[in-house]
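Understanding the architecture of this molecule
Residues per chain are reported as follows:
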Amino acid sequence: MGLFSALLGNAGSVSQEQLFKEYGQLLIEGEQIELGFKLIRDTFLFTTKRLILVDKQGLTASKTEYKSIAYKSITRFSIETAGTFDLDAELKIWVSSELQPSIRKQFNKSVNVYEVQKILAYHVL
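Residues numbered from 1 in each chain as written. Predicted model: local features only at pLDDT ≥ 70, side-chain atom pairs only at ≥ 80, totals over all residues. Heavy atoms only, no water.

**Remarks on the pairing of strand β4 (residues 50–57)**
Short version of the rule: Two strands form a pair only when DSSP identifies at least two bridges running between them. Helix numbers and strand numbers start at the N terminus; a helix is a DSSP run of H or I with at least 4 residues, a strand a run of E with at least 2.
Here strand β3 (residues 42–47) pairs with β4 via four bridges, running antiparallel. Bridging from a neighbouring strand, Phe 44 pairs with Leu 53 of β4. Hairpin geometry of β3 and β4 is characterised by an intervening segment of two residues between the two adjacent antiparallel strands. Here β4 pairs with strand β5 (residues 63–70) via eight bridges, running antiparallel. Looking across to β5, one finds that Val 54 is bridged to Tyr 66.

**Side note on the nonpolar core**
Note the following rule: We define the nonpolar core as a collection of buried residues of types Ala, Val, Leu, Ile, Met, Phe, Trp, Tyr and Cys that are connected through side-chain atoms lying within 4.5 Å of one another. Under the scheme applied here, a residue whose accessible area is under 20% of the maximum for its type counts as buried, over 50% as exposed, and between as partly exposed, the area being computed with a 1.4 Å probe on protein chains only. Any two residues whose heavy atoms approach within 4.5 Å are treated as being in contact.
Membership of the largest hydrophobic core comes to 22 residues, with the highest contact counts inside it found for Phe 37, Phe 46, Leu 51, Ile 93, Phe 107, Val 116 and Leu 120. Counting only elements with at least two residues in this core, the list comes to β2 (33–39), β3, β4, β6 (74–80), β7 (88–95), β8 (103–108) and α3 (113–124). It is α3 that provides the largest number of residues to this core, a total of five residues. When neighbours within four sequence positions are excluded, Leu 51 is seen to be in contact with Leu 45, Phe 46, Lys 67, Ser 68, Ile 69, Tyr 71, Ile 93 and Ile 103.

**Description of the packing of aromatic side chains**
As a reminder, the rule being used: The rule is short: rings of Phe, Tyr and Trp, with Trp giving its six-membered ring, pair when the centres are within 6.5 Å, and they are stacked under 30 degrees, edge-to-face over 60, tilted in between. Whether a charge lies above a ring is judged from NZ of Lys or CZ of Arg, which has to be within 6 Å of the ring centre and within 35 degrees of the ring normal.
Taken as a whole, this structure holds three aromatic pairs when the rule is applied. A ring pair is formed by Phe 37 and Phe 44, whose centres lie 5.4 Å apart and whose planes are at 35°; its orientation type is tilted. A network of ring pairs unites the aromatic residues Phe 37, Phe 44 and Phe 46 as a single cluster. Above the plane of the ring of Trp 94 lies Arg 76, whose end atom (NZ or CZ) is 4.3 Å from the centre.

**Regarding the environment of Ser 78**
On the secondary structure map, Ser 78 appears in strand β6. The partly exposed category is assigned to Ser 78, whose relative accessible area is 26%. Along the backbone, Ser 78 and Pro 101 are 23 residues apart, and their C-alpha atoms lie at a distance of 9.4 Å. Ignoring sequence-local partners within four residues, the contact set of Ser 78 consists of Glu 90, Leu 91, Lys 92 and Trp 94.

**Brief notes about the confidence of the model for the protein chain**
What counts is decided by this rule: Confidence of the predictor at the level of single residues is captured by pLDDT, which takes values from 0 to 100.
Summary statistics for the protein chain give a mean pLDDT of 84 and a share of 87% for residues scoring 70 or more. When mean pLDDT is compared element by element in the protein chain, β6 scores highest at 94, while helix α1 (residues 2–8) scores lowest at 39. Low pLDDT (under 50) marks residues 1–9, which in the prediction has eight contacts with non-local residues, meaning those over four places away or in another chain.

**Remarks on the pattern of salt bridges**
To keep things clear, this is the line we draw: Salt-bridge detection follows one rule: a side-chain nitrogen of Lys or Arg within 4 Å of a carboxyl oxygen of Asp or Glu.
According to the stated counting rule, one finds two salt bridges in the structure shown. Residue Arg 50 is joined to Glu 31 by a salt bridge in which the shortest nitrogen-to-oxygen separation is 2.8 Å. Of this pair, Arg 50 sits in strand β4 while Glu 31 sits in the loop between α2 (16–23) and β2, and the two are 19 residues apart along the sequence. Glu 31 gets classed as buried once you look at its relative accessible area, which sits at 4%. Salt-bridge contacts for Arg 104 lead to Glu 90; the nearest nitrogen and oxygen are separated by 3.6 Å. Residue Arg 104 is found in strand β8, and its partner Glu 90 is found in strand β7; the two are separated by 14 residues along the sequence.

Right under this line is the structure:
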């Protein structure tokens, strides 16, 4: 199910140690990684200061874009839990005054979307 979920575009959680090993150089002094998810080649991280989206581009993924979003610029967010026949949960994030969500991520059932919502609520509210 893990590979199948990844191929469908569903994110799965990644350990803090692995995330720090790969992305620790992006953090500023005193910033900690709280939670992170991997989506095939892309990754997104919730830190104590911001949300970091890692977008590996191209066929070889040798080019990478790191997008940093301050929690204070997130105006709203929503989660949708997985259902009986719908195998994924979804997170939507609106940045600034945009009418459509700027960020949409899908999670497999192994991810507790309530925990994702709790971290966002803690930083945004």
